[in-house]
Amino acid sequence: MRFAPSEYLSDVRKSVPLVHHITNYVTVNDCANVCICAGGSPVMTDAIEDIDDMLSLASATVLNIGTLNGRTVDSMLAAADAAAAYGIPVVLDPVGAGATPYRTSVAEALMELGPSVVKGNAGEIGVLSGLGGDVKGVDSHGAGDAAESARSLAGRLGCIVAATGEADYVSDGEVTLRLSNGCPLLGAVSGTGCMLSSVVGCYAGASGATVESVASAICAFNVAAELASERCSGPGTFKPALLDALHSLDGSVLDSRARWEEA
Amino acid sequence: MRFAPSEYLSDVRKSVPLVHHITNYVTVNDCANVCICAGGSPVMTDAIEDIDDMLSLASATVLNIGTLNGRTVDSMLAAADAAAAYGIPVVLDPVGAGATPYRTSVAEALMELGPSVVKGNAGEIGVLSGLGGDVKGVDSHGAGDAAESARSLAGRLGCIVAATGEADYVSDGEVTLRLSNGCPLLGAVSGTGCMLSSVVGCYAGASGATVESVASAICAFNVAAELASERCSGPGTFKPALLDALHSLDGSVLDSRARWEEA
Amino acid sequence: MRFAPSEYLSDVRKSVPLVHHITNYVTVNDCANVCICAGGSPVMTDAIEDIDDMLSLASATVLNIGTLNGRTVDSMLAAADAAAAYGIPVVLDPVGAGATPYRTSVAEALMELGPSVVKGNAGEIGVLSGLGGDVKGVDSHGAGDAAESARSLAGRLGCIVAATGEADYVSDGEVTLRLSNGCPLLGAVSGTGCMLSSVVGCYAGASGATVESVASAICAFNVAAELASERCSGPGTFKPALLDALHSLDGSVLDSRARWEEA
């Protein structure tokens, strides 16, 4: 298998995809900024009156259930419908699925509307795949076989599934990639998982949702994190450094540092 | 025309205006912090039960439609009414007007309540002036003659209008200033337009809404951005540097670096 | 009295308490990140459908009324009830109580549900104690005797009360500690009070709510702020430096720098 993440990075930078988000109010600013630094253009709106019109302009939508309520869940369902109508990819981040029944049920309702990508931590994907996982709050506290969970859920939904953790797995149900970039500081900053979903939205918006485009997004984000971890002195200064590193990420550096294999 | 932005900066720092905001949840933290660094004191509340009481204490209110819903639109309308009752300036930032009919209609409803300042990007002001502009998501993608749009809308509304872009125009319908400070990194950070509206809120709260006070806010923000761009290594580290630079901005540096002319 | 804040810091780092928050959308990201850097694990959810299930997993809940509306107030009341049912501490931050009747009434309704800790600025605690204070927006603009306000309110509610300001007072109605760490930059960043409440949530979640645990949280946060103030160039770079400093805070440095006395 030939795989060059820099080709997908170039696609994003060339097309500057407009990435619509309905996301949580905890990390939404980081999602907006990481979207810009990844090469996209973010727009956040969750008013039901706005969804269809905004999605008619967008290249992708990211639906993140980190904080949710009845109003925004309705808007997410409408966004998934509008995305289907306009033929643009939907990236679902099922934050905290498995931690509470409400989150699990909202994630399942959104999965029924045919997302293009489901990206969660290994615990969330384990729960949603039915193969088992442990989610405490919004963090994964262990999962079974993350590769198998991703492959199984992808096969069932007919979409791309990414399960993140110390290693990240991306699968379409047949091909599964194991990615192993990243750094421990990613776990010490709130919302790095949400940020990654926004980067995935950029890549899926620019190149469509494939194992390669999603894996490229993960490689770009995690290689930028590795570079940033050398230019900071803790979690506080890591986040601005991560944005800087992603913004200036060189394609050849990305390809040479990306660590991936078929799983 | 004589114009010294530092005089308005001094007014803000002396009076520390309490600036009420109803703004979007994407960039609200940056708005709060920039308000402090500009010399004001921010307060954010969008509960209808709170509006009248809080506005009775405030020196200005900033209404930003970056994310909106039925509940917060009602609160914005109430805030505009309360501001009129208490005689304090209203700064309207019509984020994304022109991108969707909902945003355009909310912006127009708020414009009918007599804002003191309308500050948008050139695309938004172009659309709202009726002279034409192109807004994709929440970014301007081209506009006609921004100076003419600002002048026309200001004349029609009887208020100050600022249209931002590579050059910024501030008009009261008769006098129009062209401002040309700033740096490209402002376009690589989400919410710099929202932040500027909060700074305008500080200046209008301290000195009233005039071409000079609004232009001074823009000069202060953009000169701080120029200084910050020399002390950062990308969009991530630019934002904290911008806050630092605004907080420590020297009045004589501001006056000497401010680039303005009548348009 | 013997008091070693580092013992409480160790408790937090060992147990990594899951700290639930219903907090404002202005500073919520900072609350999440400071919670991680303090040693805890944050989770934010305000959906009424989610509250009971999430609180069954949590070690503490932080209820912050910085921005509030009917929906989230209902969720806060439900969270206080659920916390009582599960026997976990409730930390109430009555942001802006005294500034508007709505905020004062919500704070009082939450105080009736038996919080474990009430942590506000001296103005807010002065108002809520009935001894008097002045709150403009969300900032304290003077208070009577903060020590006496804290002691009185703690005695009335049967809980721990912390009143922050140039000096901070923590009382259970009998023992009152006066703490005097911190730095001026804390006042130049939006949300440092909210962040402190989240740190208090970590300490109360790990060790229970006592004068010592709450005072340890305040010492840790304020000593980290002192260290950060030497590694920044203004309010913008102070915040990331504060997170870094808290994350790497050494227990013996904490104990040696902590300045406290019985008041």
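Because the structure is predicted, anything quoted here is derived from the model rather than measured.

(A) Highlighting the side chain of A:Ser6. Residues and elements named next belong to chain A. When you line up the elements, Ser6 lands in helix α1 (residues 5-15). Side chain to side chain, Ser6 and Asp255 meet in a polar contact 2.5 Å long. Every residue in contact with Ser6, bar those within four places of it in the chain, is listed here: Gly251, Leu254 and Asp255.

(B) The interface of chain A and chain B, seen in detail. Contact with chain A, which involves 26 residues of that partner, is made by 26 residues of chain B. Roughly 2100 Å² is buried in total at the junction of chain A and chain B, and carbon and sulfur atoms are behind 56% of that figure. Here chain A is connected to chain B by 1 salt bridge. Linking B:Arg103 and A:Asp50 is a salt bridge whose minimum nitrogen-to-oxygen distance equals 2.7 Å. Run the count over chain A and chain B and you get 11 residue pairs in polar contact (both at pLDDT 80 or more).

(C) Spatial organisation of the relation of the copies chain C and chain A. In screw terms, the move from chain C to chain A is a rotation of 120° and a rise of 0.0 Å along the axis, fitting with an RMSD of 0.0 Å. Taken together, the rotation and translation relating the two chain copies correspond to the operation of a three-fold axis. Across chain C, the rotation axis passes nearest the C-alpha of C:Tyr25, at a separation of 3.6 Å. A distinct binding surface is used by each copy, with only 4% of the interface residues of chain C retained as interface residues in chain A.

(D) Expanded view of the sheet that holds strand β3 (residues 60-64) of chain A. Residues and elements named next belong to chain A. Judged by pairing direction, the sheet is mixed, and its 9 strands sit side by side in the order β2-β1-β3-β4-β5-β8-β9-β10-β11 without closing on themselves. Both outer strands of the open sheet, β2 (41-44) and β11 (260-262), are each paired with one neighbouring strand and no more. Here the strands of the sheet are splayed against their neighbours by 20° on average, with no regard to which way each runs. Where strand β9 (residues 168-171) lies against strand β10 (residues 176-179), 4 bridges are found, and the strand directions are antiparallel. Residue Tyr169 lies in a different strand from β10, and its bridge partner there is Arg178. Relative to strand β1 (residues 18-22), helix α3 (residues 48-55) is tilted by about 160°, and along the sheet it contacts β1, β2 and β3. The sheet strands contacting helix α7 (residues 146-157) are β5 (117-121), β8 (160-164), β9 and β10, and the helix crosses β9 at an angle near 25°.

(E) Up close: the interface of chain C and chain A. Every contact between the two is made by 26 residues of chain C and, on the other side, 26 residues of chain A. Roughly 2100 Å² is buried in total at the junction of chain C and chain A, and carbon and sulfur atoms are behind 56% of that figure. Put simply, chain C and chain A have 11 residue pairs in polar contact (both at pLDDT 80 or more) between them. Put simply, the parts of the chain that give the side of chain C that touches chain A at least two residues each are α2 (28-38), β2 (41-44), α3 (48-55) and α10 (235-247) of chain C. Here the element with the most residues in the side of chain C that touches chain A is α2(C); it accounts for 6 residues.

(F) Just the pattern of salt bridges, in detail. Residues and elements named next belong to chain A. Throughout the structure, instances matching the rule amount to 24 salt bridges over all chains. Close ionic contact of Asp46 with Arg71 constitutes a salt bridge, the shortest N to O distance being 3.1 Å. A residue pair is termed long-range when its members are at least 10 positions apart, and Asp46 in the loop between β2 and α3 and Arg71 in helix α4 (residues 70-86) qualify at 25 residues. On the basis of relative accessibility, which here comes to 3%, the residue Asp46 falls in the buried class. Given a relative accessible area of 36%, Arg71 falls into the partly exposed group.

(G) Examining the sheet that holds strand β8 (residues 160-164) of chain C more closely. Residues and elements named next belong to chain C. Taken in spatial order, the 9 strands line up as β2-β1-β3-β4-β5-β8-β9-β10-β11 in an open sheet, and their pairing is mixed. The outermost strands of the open sheet, each flanked by one partner alone, are β2 and β11 (260-262). The mean inter-strand angle of the sheet, taken between neighbouring strand axes irrespective of direction, is 20°. Pairing analysis gives 4 bridges linking strand β3 (residues 60-64) to strand β4 (residues 90-93), with the strands arranged parallel.

(H) Focus on the state of the cysteines. Residue and element names in this part refer to chain A. In this structure the tally under the stated criterion is 0 disulfides over all chains. Free of any disulfide, Cys202 has its nearest neighbouring cysteine sulfur in Cys35, separated by 3.5 Å. You can call Cys202 buried: its relative accessible area is 0%.

(I) Quick look at helix α7 (residues 146-157) of chain C. Residue and element names in this part refer to chain C. The end-to-end C-alpha distance of α7, which contains 12 residues, comes to 16 Å, matching closely the 16 Å that a straight helix rising 1.5 Å per residue would cover. Where α7 is buried, its residues meet α5 (101-111), β5 (117-121), α6 (122-129), β8 and β9 (168-171). For α7, the capping residue at the N-terminal end is Asp145, with a side-chain oxygen 3.0 Å from the backbone nitrogen of Ala147. At the C-terminal side of α7, Gly158 shows a positive phi close to 65°.

(J) Main features of the packing of helix α10 (residues 235-247) of chain A against α10(C). Between α10(A) and α10(C), the shortest axis-to-axis distance is 6 Å and the interhelical angle comes to 135°. Classified by the angle their axes make, α10(A) and α10(C) are oblique. Here A:Pro235, A:Gly236 and A:Thr237 of α10(A) come into contact with α10(C), specifically with C:Pro240, C:Leu243, C:Asp244 and C:His247. By residue class, the composition of the contact of α10(A) with α10(C) is 3 nonpolar, 3 polar and 1 charged.

The rules behind the values
- Residues numbered from 1 in each chain as written.
- Chains lettered and ligands numbered in written order.
- Predicted model: local features only at pLDDT ≥ 70, side-chain atom pairs only at ≥ 80, totals over all residues.
- Heavy atoms only, no water.
- Helix = DSSP H or I, 4+ residues; strand = E, 2+ residues; numbered from the N terminus.
- Polar contact = N/O pair within 3.5 Å; in protein donor to acceptor, adjacent residues only side chain to side chain.
- Contact = heavy atoms within 4.5 Å.
- Buried area = accessible area lost by both parts, 1.4 Å probe.
- Salt bridge = Lys/Arg side-chain N within 4 Å of Asp/Glu carboxyl O.
- Least-squares fit on C-alpha atoms with pLDDT ≥ 70 in both.
- Pairing = 2+ DSSP bridges.
- Axes fitted to C-alpha atoms, helices over the stretch in contact; angles between N-to-C directions.
- Buried < 20%, exposed > 50% of the residue type's maximum accessible area, 1.4 Å probe, protein only.
- Disulfide = S-S within 2.5 Å.
- Expected span 1.5 Å × (residues − 1).
- Parallel < 35°, antiparallel > 145°, perpendicular 65-115°, else oblique.
- Nonpolar A, V, L, I, M, F, W, Y, C, P; charged D, E, K, R; others polar.

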